[in-house]
Amino acid sequence: MTAYLLRRLLALAATLLGAALVIFLVLEILPGDPAAVTLGLNAAPEALAALRTEMGLDRPAPARFLTWVGGLLTGDLGLSYTYRVPVTQLIGERMAVTLPLAAMAILLAMAIGIPLGAVAAAHHNRPGDAAVMVFAQVGLAIPNFWFGLLLVLVFAVGAGWLPAGGFPGWSAGLVPAFKALLLPAIALALPQAAILARVTRAAMLETMQEDYVRTARAKGVSRRRTMLRHVLRNALIPVVTILGLQFSVLIAGAIIIENVFSLPGLGRLVFQSIAQHDLIVVKDLVMLFCTLVVLVNFLVELLYGVIDPRLRQAD
């Protein structure tokens, strides 16, 4: 297990270093002047020169890259040119909204999609299976931002049960904060739940054809126990794979959903930073998103080894 973990950690470090290099090349090395982009084409030459010095653009590219990577490792992400506050502070404030939102969405997707997929597999080619497949098709067809607006019309404007947008902050209490995140979490979770339902159903139907499942049934193990202990557990690897991929989809989808619901999260910060040409914030946020996605995939690979120990031995 130790060797398996070390190999995964080395791969994680190499992936993050490669991602940092690509982000740096795209935002600082390719043609274009980041200082001119930040201040605008009509900025005074003196202001441009001062900003280039502040951004470190007068230094060689390798030195700038090493300084940036060193700042990432120590938590010094620089100063936002728009907000004039440390980027670390900005990200910390916004992450307190985006991470709970993504966690709520993925938990809702799992709570809905996996049981529905299991029900569909257990009732294959019967009405229950057909109903789940209809739900999956509808969930995939509806854009999450449109579904979010529909939720606002029904539950916020119509019923008045939940707020239509905004975030009161965690200092206002857990209940108001979770109520503000519930509708956007549902909007993000619907298409992911539909995908999970389809993947769970397909994986379980394939597992049900295995010899050990037929052997368990022949030995008198009940259908319910066979489905839960043998079929569902051995069908979890593709489900866990999809969960890892869904996290990156949720981060990307949060950019739209947070703007729809006026949530002060990382997605809205990305949108505002791009609009305001605050490239240092954009660079750090893109690196943060890459790190989150890589870390989630790393955890998924570790879960593979927990679910099926044979994978640790084969790797």
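These remarks concern the structure in this document. Here the structure is a predicted model, which is why all the values come from computation and not from measurement. (Residues numbered from 1 in each chain as written. Predicted model: local features only at pLDDT ≥ 70, side-chain atom pairs only at ≥ 80, totals over all residues. Heavy atoms only, no water.)

1. Quick notes on the overall build of the protein
Move 1: A count of helices and strands for the protein gives 14 helices and 0 strands.
Move 2: Counting every position in the protein, which comprises 315 residues, the buried fraction comes to 41%.
Move 3: Once local pairs closer than 6 in sequence are excluded, the contacts in the protein between residues at least 24 apart make up 71%.
Move 4: Of the roughly 16,300 Å² of accessible surface on the protein, 69% is carried by carbon and sulfur atoms. (Helix = DSSP H or I, 4+ residues; strand = E, 2+ residues; numbered from the N terminus. Buried < 20%, exposed > 50% of the residue type's maximum accessible area, 1.4 Å probe, protein only. Contact = heavy atoms within 4.5 Å. Areas by Shrake-Rupley, 256 points an atom, 1.4 Å probe, with all protein chains shown as cover.)

2. Thoughts on the nonpolar core
Move 1: Judged by nonpolar contacts, the single largest core of 32 residues is most densely connected at Phe167, Leu181 and Leu263.
Move 2: The set of elements that each furnish at least two residues to this core consists of α5 (87-122), α7 (144-158), α8 (174-207) and α11 (236-260).
Move 3: In terms of residues, this core owes the most to one element, α8, which gives 12 residues.
Move 4: If near-sequence neighbours (up to four positions away) are discounted, Phe167 is found in contact with Val97, Ala177, Ala180, Leu181, Ser262, Leu263 and Pro264.
Move 5: Grouped together as the second largest cluster of nonpolar side chains are 26 residues, Phe247, Leu266, Val281 and Val296 included. (Core = buried A, V, L, I, M, F, W, Y, C linked by side-chain atoms within 4.5 Å.)

3. Some words on the side chain of Asp129
Move 1: Mapped onto the elements of the fold, Asp129 is located in helix α6 (residues 127-141).
Move 2: Among residues more than four places away in sequence, those in contact with Asp129 are Ala120, His123, His124 and Arg201.

4. Brief notes about a nonpolar patch on the surface
Move 1: On the surface, Phe145, Trp146, Leu149, Leu150, Leu153, Val154, Val157 and Ile256 cluster together to form a nonpolar patch covering roughly 750 Å² of accessible area.
Move 2: For Leu150, the location among the structural elements is in helix α7.
Move 3: By relative accessible area, which is 34% here, Leu150 ends up partly exposed. (Patch = residues over 30% accessible without salt bridge, like charges linked within 9 Å, V, L, I, M, F, W, Y side chains within 5 Å. Salt bridge = Lys/Arg side-chain N within 4 Å of Asp/Glu carboxyl O.)

5. Concerning α6
In an α-helix, one turn spans 3.6 residues; hence positions three or four apart end up facing the same way.
Move 1: The end-to-end C-alpha distance of α6, which contains 15 residues, comes to 21 Å, matching closely the 21 Å that a straight helix rising 1.5 Å per residue would cover.
Move 2: Within the sequence span of α6, burial applies to Asp129, Val132, Met133, Ala136 and Gly139. In a view along the axis of α6, the buried residues occupy a sector of 125 degrees, so they form one face of it. Of the exposed residues in α6, those oriented more than 90 degrees away from the buried face are Pro127, Val134 and Ala141.
Move 3: Buried residues belonging to α6 abut α5 and α8. (Expected span 1.5 Å × (residues − 1). Arc of directions from axis to C-beta.)

6. As for the packing of aromatic side chains
The geometry of two aromatic rings is summed up by the distance between their centres and the angle between their planes.
Move 1: This model, assessed by the stated rule, comprises 6 aromatic pairs.
Move 2: Ring centres 5.3 Å apart and planes at 65 degrees place the aromatic pair Phe24 and Phe65 in the edge-to-face group. Separated by 41 residues along the polypeptide, Phe24 in helix α1 (residues 2-29) and Phe65 in helix α4 (residues 61-74) bring together distant segments of the chain. Take Phe24 and Phe65: they sit in the same class, and that class is buried.
Move 3: Both rings, one in Phe24 and one in Trp68, keep their centres 6.4 Å apart while their planes meet at 25 degrees; by these two values the pair is stacked. Taken together, the residues span a long stretch of sequence, with Phe24 in helix α1 and Trp68 in helix α4 at a distance of 44 residues.
Move 4: The exposure class assigned to Trp68 is buried, which follows from its relative accessible area of 9%. (Phe/Tyr/Trp six-rings, centres within 6.5 Å; stacked < 30°, edge-to-face > 60°.)

7. Looking at the side chain of Arg64
Move 1: For Arg64, the position within the fold is in helix α4.
Move 2: Only 2.8 Å separates the side chain of Arg64 from the backbone oxygen of Arg59, close enough to count as a polar contact. (Polar contact = N/O pair within 3.5 Å; in protein donor to acceptor, adjacent residues only side chain to side chain.)

8. A look at the packing of α7 against α8
Move 1: The interhelical angle for the contact between α7 and α8, taken along N-to-C directions, is 140 degrees, at an axis separation of 9 Å. Relative to α8, α7 is oriented oblique. Crossing of α7 over α8 shows right-handed handedness. Residues Asn144, Phe147, Gly148, Leu151, Val152, Phe155 and Ala156 of α7 form the contact with α8, whose own contacting residues are Leu183, Ile186, Ala187, Leu188, Leu190 and Pro191.
Move 2: Grouping the amino acids of the contact of α7 with α8 by side-chain chemistry returns 11 nonpolar, 2 polar and no charged. (Axes fitted to C-alpha atoms, helices over the stretch in contact; angles between N-to-C directions. Parallel < 35°, antiparallel > 145°, perpendicular 65-115°, else oblique. Left-handed = near helix turned anticlockwise from the far one by under 90°. Nonpolar A, V, L, I, M, F, W, Y, C, P; charged D, E, K, R; others polar.)

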